Amino acid sequence: MNKHPKPIPGDLAMWIIIFAELLVFGIFFIAYAIVRINNVELFNDSQLTINRETGALNTILLITASYFVVMAIHALKKNLSKKSSHYLYASIACGSLFILIKSIEFQDKFSAGIDIGTNTFYMFYFLLTLFHYFHVILGLMILFVVAIKTQKGHYNAEQTHAMETAGSYWHMVDLVWIIMFPLIYVVR
Amino acid sequence: MWSGDKVNRFYNIHTLWMMLVLLTLITYGLSFIDANGTAIMLVLIIVAFAKGVMIIRDYMGLKGVSLLWKVIMYGWLSVVCLAIVVAYLVS
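About the criteria used
Residues numbered from 1 in each chain as written. Chains lettered and ligands numbered in written order. Predicted model: local features only at pLDDT ≥ 70, side-chain atom pairs only at ≥ 80, totals over all residues. Heavy atoms only, no water. Helix = DSSP H or I, 4+ residues; strand = E, 2+ residues; numbered from the N terminus. Buried < 20%, exposed > 50% of the residue type's maximum accessible area, 1.4 Å probe, protein only. Contact = heavy atoms within 4.5 Å. Areas by Shrake-Rupley, 256 points an atom, 1.4 Å probe, with all protein chains shown as cover. Lys, Arg positive; Asp, Glu negative; His and termini not counted. Charge placed at Lys NZ, Arg CZ, Asp CG, Glu CD. Salt bridge = Lys/Arg side-chain N within 4 Å of Asp/Glu carboxyl O. Polar contact = N/O pair within 3.5 Å; in protein donor to acceptor, adjacent residues only side chain to side chain. Nonpolar A, V, L, I, M, F, W, Y, C, P; charged D, E, K, R; others polar. Axes fitted to C-alpha atoms, helices over the stretch in contact; angles between N-to-C directions. Parallel < 35°, antiparallel > 145°, perpendicular 65-115°, else oblique. Left-handed = near helix turned anticlockwise from the far one by under 90°. Phe/Tyr/Trp six-rings, centres within 6.5 Å; stacked < 30°, edge-to-face > 60°. Lys NZ or Arg CZ within 6 Å of the ring centre and 35° of its normal.

Regarding the overall build of chain A
In step 1: Summing up its helical and strand segments, chain A has six helices and zero strands in all.
In step 2: Per-residue burial over chain A gives 56% buried out of 188 residues.
In step 3: A fraction of 81% describes how many contacts in chain A between residues 6 or more apart in sequence connect residues 24 or more apart.
In step 4: Accessible surface, chain A as shown: approximately 7,900 Å² in total, 67% of it carbon and sulfur.
In step 5: Separation between the mean location of the 13 positive side-chain charges and that of the 11 negative ones in chain A comes to 12 Å.

Describing the interface of chain A and chain B
In step 1: At the junction of the two partners, chain A supplies 49 residues and chain B supplies 48 residues.
In step 2: One can count zero salt bridges joining chain A with chain B.
In step 3: On inspection of chain A and its partner chain B, the count reaches 13 residue pairs in polar contact (both at pLDDT 80 or more).
In step 4: Breaking the side of chain A that touches chain B down by element, the ones donating at least two residues are α1 (12–37), α2 (40–47), α3 (52–77) and α6 (161–186) of chain A.
In step 5: Among the elements that make up the side of chain A that touches chain B, the one with the highest residue count is α1(A) (14 residues).
In step 6: Per-class residue counts for the side of chain A that touches chain B are 33 nonpolar, nine polar and seven charged.

Observations concerning the packing of α6(A) against helix α2 (residues 38–59) of chain B
In step 1: The contact between α6(A) and α2(B) brings their axes to 10 Å, and the two run at 175°. One way to sum up the angle between α6(A) and α2(B) is to call them roughly antiparallel. Facing α6(A), whose interface residues are A:H171, A:D174, A:L175, A:I178, A:I179, A:P182 and A:V186, α2(B) presents B:L44, B:A48, B:K51, B:G52, B:I55, B:I56 and B:Y59.
In step 2: When the residues that make up the contact of α6(A) with α2(B) are grouped by side-chain class, the tally is ten nonpolar, two polar and two charged.

A word on the packing of helix α4 (residues 81–111) of chain A against α6(A)
When two helices pack together, their arrangement is captured by the angle between the axes and the distance separating the axes.
Residue and element names in this part refer to chain A.
In step 1: For the pair α4 and α6, the least separation of the axes is 13 Å and the interaxial angle reads 30°. Relative to α6, α4 is oriented roughly parallel. Considering only the axes of α4 and α6, their crossing is left-handed. On the side of α4, the interface is formed by S84, L88, S91, G95, F98, K102 and E105, while α6 contributes M163, W170, W177 and Y185.

Here's the deal with the packing of aromatic side chains
In step 1: Applying the stated criterion across every chain yields a total of 28 aromatic pairs over all chains.
In step 2: Centroid distance A:F43 to A:F124: 6.4 Å. Interplanar angle 55°. Geometry classified as tilted. Remark: A:F124 occurs in helix α5 (residues 120–151) and A:F43 occurs in helix α2; sequence separation between them is 81 residues. Accessibility classification places A:F43 together with A:F124 in one group, the buried group.
In step 3: By the ring-pair criterion, three or more aromatic residues cluster together here, those being A:Y32, A:F43, A:F106, A:F110, A:F121, A:Y122, A:F124, A:Y125, A:F126, A:Y133 and A:F134.
In step 4: Against the face of B:F32 rests A:R52, its NZ or CZ located 4.6 Å from the ring centre.

Laid out in structure tokens, this is it:
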């Protein structure tokens, strides 16, 4: 039996970035919960004005995008580069839909005259969701580059490092949203 | 990434995805219960924690890596969830 732990998937530098990002998001989440202590009514009332349906749909889209990334790595490990790239494109499609839905949600808020200065809840809402929004866009760009290179046959079963690195970043984006959805949209 | 190379009839990447979707729908469903009670809050945070564990262990593939990485990732998830619970309990 092998007692040595397996190496962390992907590049160590990416994991350091992931830890830094998680730290920042974690501080934001805790700050939200602490500031809410003295503004419970304001937070609860404002929370009811945001769209839970789009929040839930976006959660499912990110979970599905992560699922496709895992499937892409599986396919690449079997030397199925084309199939792997198709999974990545499916993941990119889910992530792009997330961006589209979130953009519509932001547009709705802005047209209703709601912005980052409306109140403390909305300050956190925009700060957290916009910060995450840009991370999704960056994740999509990384996945797109990896998908093109995979399609062109640059990676194979022995070269999964780049895809695992991209995948790790994408899963971090997913993980952050998993906490953000109940915190901002649901828990009262 | 997913390290469950052995075929498992009940717990594999496909059923994991289904579980994550189901837990998301449960979270969404609970949002309609007009109760800002402690029990609902606890269930929602526990569900989020469970989803986080699944993503870290199975999507990110941290099952079987050295303890340090697990401590950082699960530690982050635990501290964040615990801090949220404490803040909501005192509010």
